[in-house]
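Secondary and tertiary structure notes
Below, each chain spelled out in residue letters.
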Amino acid sequence: MKFSSPDIAVHKPIPEPQENEYPVKAWGVEKFGENFKPLTIYRYQVGEYDVKFQIKFCGICHSDVHNVLNEMSTTRGSTYPIVPGHELVGTVVEVGDKVTRVKVGENVGVGCVRDSCLLCEVCDRGEECYCKRGFTHTYNTPKNKDYGHIGGNPEVQNWGGYSEFDVIHEHFIIKIPDDMPLEKAGPILCAGITMWSPLNHWGATDTTKKLNIGIVGIGGLGTMGIKLASALGHRVVAISSSDKKRELAKSKGATGYVVSNDPASVAAESGKLDLILNTVSAHHSLTPYITLLKTDGTLVNLGCIAAPMQYNQFMLLLKRASIAGSLIGGIPATQEVIDFCHKEQVYPDVKLVGVGDLERVYTELQENNSAAVRYVLDIKSFRGSE
């Protein structure tokens, strides 16, 4: 694993537990530059609105790689020790006295949002990821003391899902249907909602509409987008920089394919797409995608790219086209995509791995972000791996 920017990495050792905390086995990186190792972290005791669940699986997102290897920012480093994971799925083992949404024995999940203010108008309409006061990511973030939804030592960073148990306020719990494969549910809490949210916002979840939708990037995120848009009844066009993934895209539900570096291929679909979801996370030209849009079409960028993107504004004027962005989704939308995937049997392609595979998987994801499979950590692998 290749770490970046050692000068901005933050080291914040785990303190002794408080009276309201208990030890939990986790797997993380203790110090910048080190490999994964078993760690003891401390979760807080269940409060009146809290849900404690035993984690069974946790998806490995590409952003986990960025966080662990200190690649997320050039100015604000990751905090070590770090226990990653924001695609948590497991079974409830304890609930607080005032919890009403779930019961002991039910399957639940937690995605990218651990906390938000729950008071602003954005939170009130169920879009917690756009909280006006800022949402709290599931791991490697400080606890917001003003919100009051996270217990335990307020000075300790949040820990992610590469651990055996977690505790979270019931508002941020996602209910997982009993017969849904748990190992496939985790990535829906990240990749699934990341694609579902813009589909929903720009009208594609209205099944009375039949749209032409483009998906840029045929990796783990893009293939999930193809599956969702196809299951919603739309014509789906996969867009990639080469012809290498044509058959893969078609096997996931795409009926059209555009090679963005081939002018003739772009011309064949020019002006035909209502909506394009762009999953590419590396700097690139937006011009081919704008060419593909219809009048009033929208290009939605989903990749985390810090460098400014260039495009020809005159192209937007001629089509009254829009360029937008979208960030994961709120709790209600996340529940919607879980329920939709369960009903329609739309699942990501996953590969189970153990803790002994983490360095290999991270290296693979760091060097090649095009894998169409989502890796999922089997928490049972913790046993006997120390």
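Notes on the structure in this doc start here. (Residues numbered from 1 in each chain as written. Predicted model: local features only at pLDDT ≥ 70, side-chain atom pairs only at ≥ 80, totals over all residues. Heavy atoms only, no water.)

What follows deals with a nonpolar patch on the surface. On the surface, F314, L317 and L318 cluster together into a nonpolar patch covering about 360 Å² of accessible area. By the element assignment, L317 lies in helix α9 (residues 313-319). (Patch = residues over 30% accessible without salt bridge, like charges linked within 9 Å, V, L, I, M, F, W, Y side chains within 5 Å. Areas by Shrake-Rupley, 256 points an atom, 1.4 Å probe, with all protein chains shown as cover. Salt bridge = Lys/Arg side-chain N within 4 Å of Asp/Glu carboxyl O. Helix = DSSP H or I, 4+ residues; strand = E, 2+ residues; numbered from the N terminus.)

Structurally, V95 can be placed in strand β6 (residues 88-95). Between the alpha carbons of V95 and G47 there is a distance of 8.1 Å; along the sequence they are 48 residues apart.

Another aspect to go through is the pairing of strand β4 (residues 50-59). Most of β4 is tucked away: 8 of the 10 residues are buried. Here β4 runs beside strand β10 (residues 165-169); their pairing, made up of 5 bridges, is antiparallel. Considered in β10, the bridge of D50 is made with H169. As paired strands, β4 and β6 are joined by 7 bridges and run antiparallel to one another. Each bridged residue has a counterpart across the sheet, and for I55 the counterpart in β6 is G90. Bridge analysis of β4 against strand β19 (residues 374-378) gives 3 bridges, and the strand direction is antiparallel. Residue pairing across strands places F57 opposite D378, the latter belonging to β19. (Buried < 20%, exposed > 50% of the residue type's maximum accessible area, 1.4 Å probe, protein only. Pairing = 2+ DSSP bridges.)

Under the counting rule described, the total for this entry stands at 6 aromatic pairs. For the pair F36 and Y362, a centre-to-centre distance of 5.0 Å together with 75 degrees between the ring planes defines the contact as edge-to-face. Highlighted residues: F36 in the loop between β2 (21-28) and β3 (37-44) and Y362 in helix α11 (residues 358-367), separated in sequence by 326 residues. Side by side, F36 and Y362 carry an identical accessibility label, which is buried. Looking at K52, its charged tip hangs above the ring of F165, at a distance of 5.0 Å from the centre. (Phe/Tyr/Trp six-rings, centres within 6.5 Å; stacked < 30°, edge-to-face > 60°. Lys NZ or Arg CZ within 6 Å of the ring centre and 35° of its normal.)

It is worth spelling out the side chain of N301 at this point. Within the secondary structure, N301 sits in strand β16 (residues 293-301). One polar contact links N301 to N278, side chain to side chain, over a distance of 2.9 Å. (Polar contact = N/O pair within 3.5 Å; in protein donor to acceptor, adjacent residues only side chain to side chain.)

This part takes up the nonpolar core. If you look at the biggest cluster of nonpolar residues, it comprises 96 residues, and the most contacted ones within it are I60, Y162, L199, L228 and L358. Element by element, the count of residues in this core is highest for helix α10 (residues 331-344), at 6 residues. If we skip the residues at most four places from it in the chain, L228 touches G192, M195, W196, L199, V337, F340, C341 and V346. Grouped together as the second largest cluster of nonpolar side chains are 16 residues, V216, Y289, L292 and M315 included. (Core = buried A, V, L, I, M, F, W, Y, C linked by side-chain atoms within 4.5 Å. Contact = heavy atoms within 4.5 Å.)

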